[in-house]
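# Observations on the three-dimensional arrangement
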Amino acid sequence: MPIRQLSETMINQIAAGEVIERPASVVKELVENALDAGASRVEVVTAGGGLNLIRVTDDGSGIPEQELALAIARHCTSKLADNIHDIRSLGFRGEALPSIGSVSRLSVRSRTAAGDAAAEIAIEGGRVSAVKPAAANRGTTVEVRDLFFATPARLKFMKGERAESSATSDVLKRIAIAFPAVRFTLAGSDRSTLELPATDDSTEGSLRRVAQVMGAEFPDNSIAIDASRDGVHLTGHVSIPSFTRANALQQYAYVNGRPVRDKLIAGAIRGAFADVLPRDRHAVTVLFLTLDPATVDVNVHPAKADVRFRDPGLVRGLIVGAIREALANAGIRAATSGAAGMVAAFRPGAASYAHAGPANGHRSYDAAYRASGFSGFDRSPQRPLDMGFDGAGFRENDQAAFDAGPLASADARAGLAEPAETLLGTALGAARAQVHENYIVAQTRDSLVIVDQHAAHERLVYEALKNALHSRAVPSQMLLLPEIVDLPEEDAERLAMHSETLARFGLGIERFGPGAVAVRETPSMLGETNVQQLVRDLADEIADNDTVETLKERLDKIAATMACHGSVRSGRLLKAEEMNALLRQMEATPGSGTCNHGRPTYIELKLADIERLFGRR
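Residues numbered from 1 in each chain as written. Predicted model: local features only at pLDDT ≥ 70, side-chain atom pairs only at ≥ 80, totals over all residues. Heavy atoms only, no water.

## Some words on the overall build of the protein chain
Where we set the bar: For the purposes of this entry, the term helix denotes a DSSP run of H or I that reaches at least four residues, the term strand denotes a run of E that reaches at least two, and both are numbered from the N terminus. Residue contacts follow a heavy-atom distance rule, with two residues in contact if any of their heavy atoms lie within 4.5 Å. Here the Shrake-Rupley method, with its probe set to 1.4 Å, supplies the accessible areas, and only the displayed protein chains count as covering residues.
For the protein chain, the count of helices and strands is 20 helices and 26 strands. Nonlocal contacts in the protein chain, meaning residues at least 24 apart in sequence, comprise 68% of its contacts between residues at least 6 apart. Element-wise, carbon and sulfur atoms account for 52% of the exposed surface of the protein chain, whose accessible area totals about 31,800 Å².

Structure, rendered in structure tokens:
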């Protein structure tokens, strides 16, 4: 087949295949255009998951009538000057409208503030109609009907209406977080209406917008981030370690106001929380990176979903360091979801009203329970007089069973004296009792705290081991025969460049001819290990992130195992002094709100919640 020039319609359809993946992609492009036009209100209406109808209306600056034909032409834009490296708008490629028009029935109706009337232009499957007068308020309305009617093969790859509607909602929410001063509305016959009222651009206003999108509980379980390094500024909020999700869908990242899904940022978030979260849980984050546009390339993906940083190591180091520092400075905090779960468990209806007897099998309570003759709440509470109450079970003789031994309501008590006022004012309060030989019950001025003694002490021991491990060079063991690892030349070169850092962690390597390294020492803590696999894993990580975290994580994992076996075991009775000492250590140790496996170490129930359970509020 001879080489020939493709038609303009074919070129636009090819571009649409890159830019317009699904209805959510159309919404993203049109909403970004509205924001670039300075809109303070954006309304989106969909039908049929967006395949039948997408209508985006804004109150932005509008498009002059004489520029409407250019607006739907390929590679025509008002957002880009002569410097491709100085991009300060969301859109800049000039491909969205012609690409959408080549695969759908598109109409653009717009009016400027200075215009006497609106004008409209339409495209159907790539065929452009003439500009004609129209009636409209200031701003622009873009209507897309019958998406992909011109490319029926693409329709076969679309998911169900509900899935497409959900993807559209997610796209709009991601954009809305970055523009809190703009009011967003998403409505249609295929969904319930989503309204995000405008707030303002302040820190408080931004957090209110985040709460609108992610739920009111996120601000109460988040930590503010604000850090800068070498011209890169990072702000936002991250969840505390005990507030997590089963997936990473609620991790939002923005680069100069642009929502992105960048693997470097995702990897940095995962690395920052690696020490405090289990592998199957994910933090909730909203992070904003602000840097010189010349130091980030946003033109590496047709949909502008990915970016490329000039100095990826700087960005990753800033994110990891800022999050870890914020977690360390935040002190000890429990997620409100833990208290909410406890309150729900205590509410009537969560368990049967009938008293099933003691669950722990304590004999003294069991004897008293049977001797009392108590028959439970099986009878109707609406007939209290029919219970024949005559004091049975409460006479002096009936109460004798309770004197047979001490009630097993607590395995250890923290003393009869009132706790010191200073202890009540601390974060975890004063220890009052130990129950079931594993849980410490503490009291603060306005809450009740329950601590898992094994999980808490496990975290304390782990942090102490880590500090000892990383405060000096890791002890190494000399191999009897050096292990030769064959690698691609570029991987061997990268490992050689990081040899000093690896030596600090106990791994001694050196070049061994072209495409190979010789391993002469390994960390003693690893014992017998697969040297070949370890070196290859390190080479892969250095290639991806320019770090050697893999080796550090392996050493930390061993320290975590040692901490688990060396901590206070469940079933050990603690004295009052020991319980209070454990609480004070928890308050002074960063990350002690979760154990090494990511489980919470304590739950706090506010006095107000307790009063609600008893109907006092």
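## Focus: the pairing of strand β25 (residues 516–523)
How we decide: Burial classification: accessible surface area is computed with a 1.4 Å probe over protein chains only, and a residue below 20% of its type maximum counts as buried, one above 50% as exposed, and the rest as partly exposed. Strand pairing is assigned whenever DSSP detects at least two bridges linking the two strands.
A large share of β25 lies buried, amounting to six of its eight residues. Of the pairings in the sheet, the one linking strand β23 (residues 476–486) to β25 comprises seven bridges and is antiparallel in character. For M478, the partnering residue across the bridge sits in β25 and is E521. Bridge count for strand β24 (residues 508–511) against β25 is four bridges, and the pairing is antiparallel. Among the inter-strand pairings, E510 is bridged to a residue of β25, identified as A518. Hairpin connection from β24 to β25: four residues lie between these consecutive antiparallel strands, with G513 at a positive phi of about 80 degrees.

## Here's the deal with the nonpolar core
Formally: What we call a nonpolar core is a set of buried Ala, Val, Leu, Ile, Met, Phe, Trp, Tyr and Cys residues that are connected through their side-chain atoms within 4.5 Å.
By size, the foremost hydrophobic cluster in this structure holds 90 residues, and its most contacted members are V31, V42, F273, L289, F309, I319 and I323. Judged by nonpolar contacts, the second largest core, of 22 residues, contains V485, I542, L551 and L555.

## Observations concerning unusual backbone geometry
Non-glycine residue D146 carries a positive phi angle of around 50 degrees. Tracing the chain through its elements places D146 in the loop between β7 (139–145) and α5 (152–155). Notably, E437 is not glycine yet its phi reads approximately 55 degrees, a positive angle. Within the secondary structure layout, E437 lies in the loop between β20 (430–435) and β21 (439–443).

## Observations regarding the sheet that holds β25
Quick note on the threshold: Geometry is summarised by axes, namely lines fitted to C-alpha atoms with helices restricted to the contacting stretch, and by angles between N-to-C directions that run from 0 to 180 degrees.
Taken in spatial order, the three strands of this open sheet run β23-β25-β24, and their pairing is antiparallel. Of all strands in the sheet, those bounded by a partner on one side alone are β23 and β24. Within this sheet the neighbouring strands show an average axis-to-axis angle of 20 degrees, counted without direction. On the sheet, helix α15 (residues 489–497) packs against β24 and β25 and is oriented at approximately 130 degrees with respect to β24.

## What to know about the packing of helix α6 (residues 161–178) against helix α7 (residues 203–214)
Working note: a packed helix pair is described by the angle between its axes plus the distance between those axes. Quick note on the threshold: The labels follow the angle: roughly parallel below 35 degrees, roughly antiparallel above 145, roughly perpendicular from 65 to 115, and oblique for the rest. Crossings are sorted by hand: turned counterclockwise from the far helix by less than a right angle, the near helix makes the crossing left-handed, and turned clockwise it makes it right-handed.
At a closest axis distance of 9 Å, the pairing of α6 and α7 adopts a crossing angle of 165 degrees. As judged from the angle between their axes, α6 and α7 are roughly antiparallel. In terms of crossing hand, the pair formed by α6 and α7 is left-handed. Of the residues in α7, those in contact with K173, A176 and I177 of α6 are R209, V210, V213 and M214.

## Describing helix α10 (residues 312–329)
Because each turn of an α-helix spans 3.6 residues, side chains separated by three or four positions end up pointing in the same direction. Note the cut-off: Helices are assigned an expected span. That span is 1.5 Å times one less than the residue count.
An ideal rise of 1.5 Å per residue puts 26 Å on 18 residues; α10 measures up with 26 Å between its terminal C-alpha atoms. Listing the buried residues of α10 in full gives L314, V315, R316, L318, I319, V320, A322, I323, A326 and L327. Note on α10: the residue one or two positions beyond its end, G331, has a positive phi of about 75 degrees.

## A few points about the packing of aromatic side chains
Operational definition: Here the aromatic set is Phe, Tyr and Trp, taking the six-membered ring for Trp, and pairing holds for ring centres within 6.5 Å; pairs whose planes are under 30 degrees apart are stacked, those over 60 apart are edge-to-face, and all others are tilted. Whether a charge sits over a ring depends on NZ of Lys or CZ of Arg being within 6 Å of the ring centre and within 35 degrees of the ring normal.
Enumeration over the complete set of coordinates arrives at one aromatic pair. Judged by centre distance (4.9 Å) and plane angle (15 degrees), the ring pair of Y254 and F288 falls under stacked. With Y254 in strand β13 (residues 251–255) and F288 in strand β16 (residues 285–290), this residue pair connects regions lying 34 residues apart in the sequence. Judged on exposure class, the residue Y254 and its partner F288 are both buried. Above the face of the F149 ring, R105 is positioned so that its terminal group lies 4.0 Å from the ring centre. It is R504 that lies over the ring of F505; its NZ or CZ is 5.0 Å from the centre.

## Details of the sheet that holds β16
Pairing within the open sheet is mixed, and its five strands lie in the order β10-β11-β16-β13-β14. Looking along the sheet, the strands with just one partner apiece sit at the ends: β10 (222–229) and β14 (258–260). Ignoring which end each strand starts from, the neighbouring axes of this sheet average 20 degrees apart. Bridge count for β13 against β16 is five bridges, and the pairing is parallel. Paired with Y252 across the strands is V286, a residue of β16. Contacts from α7 reach β11 (232–239), β13 and β16, with the element oriented near 135 degrees to β16. Strands β10, β11 and β16 of the sheet are contacted by α10, whose axis makes an angle of about 140 degrees with β10.

## Comments concerning the pattern of salt bridges
Two side chains of opposite charge can pair, provided their charged atoms sit close to one another. The cut-off we apply is this: In the sections that follow, a salt bridge refers to a side-chain nitrogen of Lys or Arg positioned within 4 Å of a carboxyl oxygen of Asp or Glu.
With the rule as written, the count across this model stands at 24 salt bridges. With a shortest N-O distance of 3.3 Å, E578 and R572 are connected by a salt bridge. E578 gets classed as partly exposed once you look at its relative accessible area, which sits at 32%. Relative accessible area serves as the criterion here: at 42%, R572 is assigned to the partly exposed category.

## Structural notes on helix α19 (residues 576–588)
Rules: Arc definition: directions from the helix axis to the C-beta atoms.
With 13 residues, α19 extends 19 Å between its outermost C-alpha atoms, agreeing within 8% with the 18 Å of an ideal straight helix rising 1.5 Å per residue. Residues of α19 that are buried include every one of A576, M579, N580, L582, L583 and M586, and no others. Along the axis of α19, the buried residues cluster in a sector spanning 155 degrees; they form a single face. Exposed and facing more than 90 degrees away from the buried side of α19 are E577 and A588. Turning to α19, the residues buried within the fold contact α13 (421–424), β20, β21, β22 (447–452), α14 (453–470) and β26 (602–606).

## Some details on the confidence of the model for the protein chain
This is how the line gets drawn: The predictor's confidence in any single residue is recorded as pLDDT, a number from 0 to 100.
Chain-level pLDDT for the protein chain is 81 on average; 81% of the residues reach the 70-or-more range. Least confident of the elements in the protein chain is helix α12 (residues 363–371), whose mean pLDDT is 41; most confident is strand β2 (residues 53–58), at 96. Predicted confidence is poor over residues 351–395, with pLDDT under 50, and the contacts of this stretch with residues over four places away or in other chains come to 35 contacts. Counted against residues more than four places away or in other chains, residues 404–409, with its pLDDT under 50, gives nine contacts.

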